[in-house]
Amino acid sequence: MKSKETVCAALAQALMDYLDLMSGEWKEPAPGPRLYAYSELAELLGKSKDTIRQWVCAGEFGEPVKVGNSTRVTQAGLDKFIRDHSGPTEKMPSRVRKRVLRAEVKTGKLPLGI
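Rules and cut-offs
Residues numbered from 1 in each chain as written. Predicted model: local features only at pLDDT ≥ 70, side-chain atom pairs only at ≥ 80, totals over all residues. Heavy atoms only, no water. Phe/Tyr/Trp six-rings, centres within 6.5 Å; stacked < 30°, edge-to-face > 60°. Helix = DSSP H or I, 4+ residues; strand = E, 2+ residues; numbered from the N terminus. Buried < 20%, exposed > 50% of the residue type's maximum accessible area, 1.4 Å probe, protein only. Salt bridge = Lys/Arg side-chain N within 4 Å of Asp/Glu carboxyl O.

**Points about the packing of aromatic side chains**
Then, number 1: Under the defined criterion, the tally for this structure stands at 2 aromatic pairs.
Then, number 2: Relative to Phe81, the ring of Phe61 lies with its centre 4.6 Å away and its plane at 20°, an arrangement referred to as stacked. With Phe61 in the loop between α3 (49-57) and β2 (65-67) and Phe81 in helix α4 (residues 75-84), this pair connects stretches of sequence that are 20 residues apart. In terms of burial, Phe61 and Phe81 fall into one category: buried.
Then, number 3: Aromatic ring contacts, followed pair by pair, group Trp55, Phe61 and Phe81 into a single cluster.

Have a look at this one:
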């Protein structure tokens with residue numbers, strides 16, 4: 001059984017919180033870190049859940065977090081993945097362009113029809 005002082009202190013604190021809420025001084029607690037399920041990541045990245053699962057197992061998203069029986073990826077892990085897999089890419093020339101370049105190197109001029 002709680003003492004009268006403990007109950008009164010808890011009631012007074014609850015009343016003060018309510019008054020703060022009513023006066024507009026209440027500040028919503030900061031949200032915790034965002035956690036993503038495999039299905040959410042699959043939708044965000046346009047891949048299958050199996051692909052996401054393989055990438056998580058390979059460590060592409062950093063260290064995953066266990067929540068109950070499920071595994072989640074943190075916002076920091078998603079940011080790491082995006083940082084590691086984005087940026088300028090080198091475009092590979094097409095087959096036709098390679099043939100044209102080879103023919104040009106061989107003969108010193110462009111092949112007929114091009």
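After that view, the rundown keeps rolling.
**Brief notes about the pattern of salt bridges**
Then, number 1: As enumerated under the stated definition, the model contains 3 salt bridges in all.
Then, number 2: Between Arg34 and Glu40 there is a salt bridge whose closest N-O contact spans 3.2 Å.
Then, number 3: The exposure class of Glu40 is partly exposed, given its relative accessible area of 29%.

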